[in-house]
Amino acid sequence: MSGQQITPLPRCDTAAREDERSLVHRLAVALRTTGFHDPGNTSVQGAIAEFLCAARTRWAHEQVWVGVRNRCVFVNDERLRIGPSDYLNVRYLMDTYDRWGLGGVTFHPGLRDGEVRSLLYELNQKSERGLEELDARARALGLKHVELTEPERESEEPAAHLPLRTYSACLDVCREIQETVREHRHIRTRRLRRVTQAVVDQLLEDESALLSMTTIKEFDDYLFTHSTNVAILSVALGQRLGFDKRTLGDLCLAAFLHDLGKILVPREILDKPTKLDPSEQAEMQQHPIHAVILLLEQEQLNQSTIRAIVAGFEHHVNLDLSGYPRLTRKDSLTLFGRIICVADRYDAITTQRKYRKTTSTPHEGVRFLLQHSGSQFEPVLVKLFLEMLGFYPPGTVVGLNTGEVGVVRRPPLPGSALSRPQVRVVRGGDPGTILDLAERDAAGNHPRSVVTVLNPDNDGQLPALCSAEIDALGPIGAGIGDDLPTSPVRLPAAR
Amino acid sequence: MQKAYRAIRFYPPDHPLASHCLDELAGAFDRALADGTLRLAVFENSLTCEDEPVFTTDDLREGIPFILFRDGIRSLTFRTGLGRDEAAELIEALGQAQEVDKADHDLVTILWERNLPHLEYQVADPLLEGETSTDGLRQLASQLQGKLEDEKRARLVQAPHADLTESLELGSPGPEVLVGTVVPEEELIQLERELEPEQHILEEFGIVLLETLANANSDEDSIVAARGLEDLASSLLEWGDLARLTRLLEETAAMQRTLGERAGLVDSVFEGMLDKEKIRASLDSLDAAEPERREELTAFLLILRERAHHLLIELLIESGVKQSRHALLDVLTAGAGVSMELVVPHLGDPRWYVVRNLVYLLGRMKDPRAMPHLEPALAHPDERVRKEAARSVGAMGESSSVPLLAALLNDPSPAVRVIVVRQLGRLRSTEVLSRLLLQVRARDFSTRSEGEIDALLDTLGQLGDDSAVPLLDELWRGRSFFRSRPLHVRLFALRTLGQIGTASARKSLSRALRSSDNAVRRQARRGLWEANRQEAASQ
């Protein structure tokens, strides 16, 4: 399991993906068959029956959406990897969607044979006015279990490396993973990988924007923002350790999934506003074990997921093994485990929780790491963490010697003192001004220095980015779809 | 690119044909990139450059355009500096793309991980998803930030503030600590060194699974962890990583003893190892392997031995690789436990080495019931089987062994006779003394191989008495009726006299001290010393 090759362990359940492929394949075959034969033809009847069978097997009680975007086929948001043998039929389906300006079709439970036949025959007709006309015809035919949808609007901010979109995608993926695991389905590994790749790319390009985003704490969606923040902080640390891109990708994935086990901890324990009793504590301490079990139940085990399992197990063990789970055979932590342990604890103590009245400031967060350096945390990593975020990490509200109050928006620039970050003034002086505390006056002195740390409403911190800065992150860069080729392949118009 | 891709699909990259195609591709890139970058747009069945098709194929299965297109890649941009290695990596990545589907992986991830510096690619759906709304995040930031900006509502609480420099133990540079100086290089090197021997991730994984088993709160979780162990062990076996596999199984066995009622859940891990084909593959690889490899395999099989007798014997019978048969015999004869019933049915196998190995096993079972099954092997047409049968019969140490072995004293093969004689000596049965003397008296005795003469006279020395002395006295004197005896016969006879050590034997040795032959005198002295030593020991 080394090198570039990804070698899956033998257990591999690809049933869900196969069902999706089968559904699209049968829909495409049925569409094509209805394009060439009369409704009474046995081939048509057979093809429609096969499609319905595929739809009812897996989606008997839920709707299923078959859509096309950028010449890629999706089933319920899952992009399919089409095989060459399926492609001719699938291309026919994509061309038909294109011709009608159709983005997708949702099939609802209760779908009938006649409805499918009518829809497919309509799709094979000539298009005059596009989707509007098709929709009108569908309504006239009384297709109650079929819903036609427009193509998705091209995103105005489609470049994957844009920090805001990357961060939002992380939250989306976290949400999806939680739902997926709760419903005992398999995690969409490809999507998760793409998002972690985007995080790594973004951090390699300019880490400060993503690091700043870790300060936008969502009180209600703790697990989503926490997992995302730990992933970002871990990769930023890994980058300082000189990890290559692939290893950073694995670290990101591991950090992203480290708290997966909390999904199985009862909500009332997770959100309990008071101290946990011993049995609740024991239940909470099972979450690293749950993480191992949930990841083992996923369909694929490869180097990345294995590293995630190990790190997920280790993240509360502590460097001196004083944490949990209690160990019987293991005598040290992996580097991934050590990194995630530092990032996890920092984000946890600086995030507002129901059971705490006062949340630590980021400054107290790094101080906590330093206090437990060598016992709970790897000392070298703690120092690197401090190098990365400075004495006053982004989000810290600081009082300056000038009487101004500011929010740290970026860690100190390279070559600056750790106590001299960039600050955005929020009170006193000129609100909105960006100050670099490392700047010196003509006499070589620092005109501004931090003299105090403030805790806004005892919430610990404020977002390091103001809304104007976030807005500025949005539409940067050219849309990735703008200059993409469109398919020159056109099949003869259907009958 | 297409040509190189095809070559690499059929041949390893270092194969001359594949290598030639990669050289050609590198040359083509050199020429194409001489004037700057090259951008290819990707369609289902074609690649275009500046809207002109540069490659078209109808072969979707093996055509590069479709392999790129299906994973959402819509353009490739090659930059100057792309060398042969990078070109080869790209082609390898394309080849890998066909295989990664089962890992829910795709070409985009492969290319991303390979991180080729002179290649850029555009992906249709970078995050593999639909709309990602960033509005929520914007609103949240705005709302949180607004708290402070609205001075009437905001409540700023004084928070602890400390100079962290002291905690860093950096001496006293004060708060002006520079970024980049916090972690001294030696500490980073130290961490790297400490983690350098970091256990392989699969070993860590195995230990985590064992810890999970120990900490799991339910049978269901234990079953999942045990299945994980089973998968891991099975993969290690498939990859031939026997050293790690053995350590994992040893750890698992140790853990199993602490699991109480759940111990049975781990049985499947060991049972999963009983995969004949995978074990065979490991065994067959021994032919050209290092000696350590054989040790690893033996250690692995020893763990399974108790559960795998039947399988190991089957493999022993089927294996065509000598090294692997040796390893299997080592395992099967370590400790007790192989059932005779597993071995006996195969004794009629037409292959001599199969019978020889089974006879070897039977001999080491020390089970008297094996004797009737060994007897036919003593008459096996192949002398290698008879040799092993003689050893095995001797190893049984039974009284019934002696007549069976004595019957082989006239075996046509000198090698068999040597073993028979040695085994008879080991059994210390004086009842064969007369048969041995007959052998020594035989007319062709002096012309037999030195090894056989050595064995016969040595055994005679162990079992003999005064009755043998006249014959031995005659032997050392050097002259027979017809011709002189070879020196080694004379010397072995003197040694035998020393071993017998009786008064008459010593007398014969004393006479030999007066021989004109230096070698004879020297051996006689040794013989007398031996005789005296024995006498002293017996007193």
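This structure is a prediction, so every number in the text was calculated from the model and none was measured. (Residues numbered from 1 in each chain as written. Chains lettered and ligands numbered in written order. Predicted model: local features only at pLDDT ≥ 70, side-chain atom pairs only at ≥ 80, totals over all residues. Heavy atoms only, no water.)

Colleague: How would you sum up the overall build of chain A? Please name residues and give values.
Modeller: Regarding its fold elements, chain A presents 18 helices and ten strands. Looking at chain A as a whole, 63% of its 495 residues qualify as buried. A separation of at least 24 residues holds for 68% of the contacts in chain A among residues at least 6 apart in sequence. Carbon and sulfur atoms form 49% of the exposed surface of chain A, whose accessible area is close to 18,100 Å². (Helix = DSSP H or I, 4+ residues; strand = E, 2+ residues; numbered from the N terminus. Buried < 20%, exposed > 50% of the residue type's maximum accessible area, 1.4 Å probe, protein only. Contact = heavy atoms within 4.5 Å. Areas by Shrake-Rupley, 256 points an atom, 1.4 Å probe, with all protein chains shown as cover.)

Colleague: Would you mind going over the sheet that holds strand β8 (residues 422-427) of chain A in detail, with residue names and values included?
Modeller: Here six strands make up an open sheet; going across it, the order is β9(A)-β8(A)-β7(A)-β6(A)-β10(A)-β6(B) and the pairing antiparallel. The sheet terminates laterally at β9 (434-436) of chain A together with β6 (156-159) of chain B, the two strands that pair on one side only. Each strand axis lies, on average, 45° off the axis of its neighbour in the sheet, ignoring direction. In the sheet, strand β10 (residues 450-456) of chain A pairs with β6(B) via four bridges, with the strands oriented antiparallel. Paired with Leu454(A) across the bridge in β6(B) is Gln158(B). (Pairing = 2+ DSSP bridges. Axes fitted to C-alpha atoms, helices over the stretch in contact; angles between N-to-C directions.)

Colleague: Explain the packing of helix α26 (residues 503-512) of chain B against helix α27 (residues 518-538) of chain B to me, using residue names and the numbers behind them.
Modeller: All names here are of chain B. Across the interface, α26 lies against α27 with an axial gap of 8 Å and an inter-helix angle of 150°. Between α26 and α27, the crossing angle belongs to the class labelled roughly antiparallel. Classified by chirality, the crossing of α27 by α26 is left-handed. Between α26, through Arg506, Leu509, Ser510 and Ala512, and α27, the contact on the second element is made entirely by Val520, Arg521, Ala524, Gly527, Leu528, Ala531, Asn532 and Glu535. Across the contact of α26 with α27, the residue classes break down as six nonpolar, three polar and three charged. (Parallel < 35°, antiparallel > 145°, perpendicular 65-115°, else oblique. Left-handed = near helix turned anticlockwise from the far one by under 90°. Nonpolar A, V, L, I, M, F, W, Y, C, P; charged D, E, K, R; others polar.)

Colleague: Residue-level account of the pattern of salt bridges, with values.
Modeller: Going through the model one piece at a time under the given rule, you end up with 64 salt bridges over all chains. The shortest N-O distance in the salt bridge between Asp344(A) and Arg345(A) comes to 3.9 Å. With respect to burial, Asp344(A) and Arg345(A) carry one shared label: buried. Arg495(B) is paired through a salt bridge with Asp454(B); the nearest N and O atoms lie 2.7 Å apart. (Salt bridge = Lys/Arg side-chain N within 4 Å of Asp/Glu carboxyl O.)

Colleague: Explain the sheet that holds strand β4 (residues 104-107) of chain A to me, using residue names and the numbers behind them.
Modeller: All names here are of chain A. Across the sheet, which stays open at both edges, the five strands sit in the order β3-β2-β1-β4-β5 with antiparallel pairing between neighbours. The sheet is open, and its two borders are formed by β3 (78-79) and β5 (146-149), each paired with just one other strand. In this structure, strand β1 (residues 64-69) lies alongside β4, joined through four bridges in antiparallel fashion. Among the inter-strand pairings, Gly67 is bridged to a residue of β4, identified as Gly104.

Colleague: Describe the pairing of strand β7 (residues 405-410) of chain A, naming the residues involved and giving the relevant values.
Modeller: Residues and elements named next belong to chain A. In terms of burial, β7 is largely enclosed, as five of its six residues are buried. Bridge count for strand β6 (residues 397-400) against β7 is three bridges, and the pairing is antiparallel. Directly across from Val397, in β7, lies its bridge partner Val407. Between β6 and the antiparallel strand that follows it, β7, lie four residues; Gly403 among them carries a positive phi value of about 90°. With five bridges connecting them, β7 and β8 associate as antiparallel partners. Among the inter-strand pairings, Val407 is bridged to a residue of β8, identified as Arg424.

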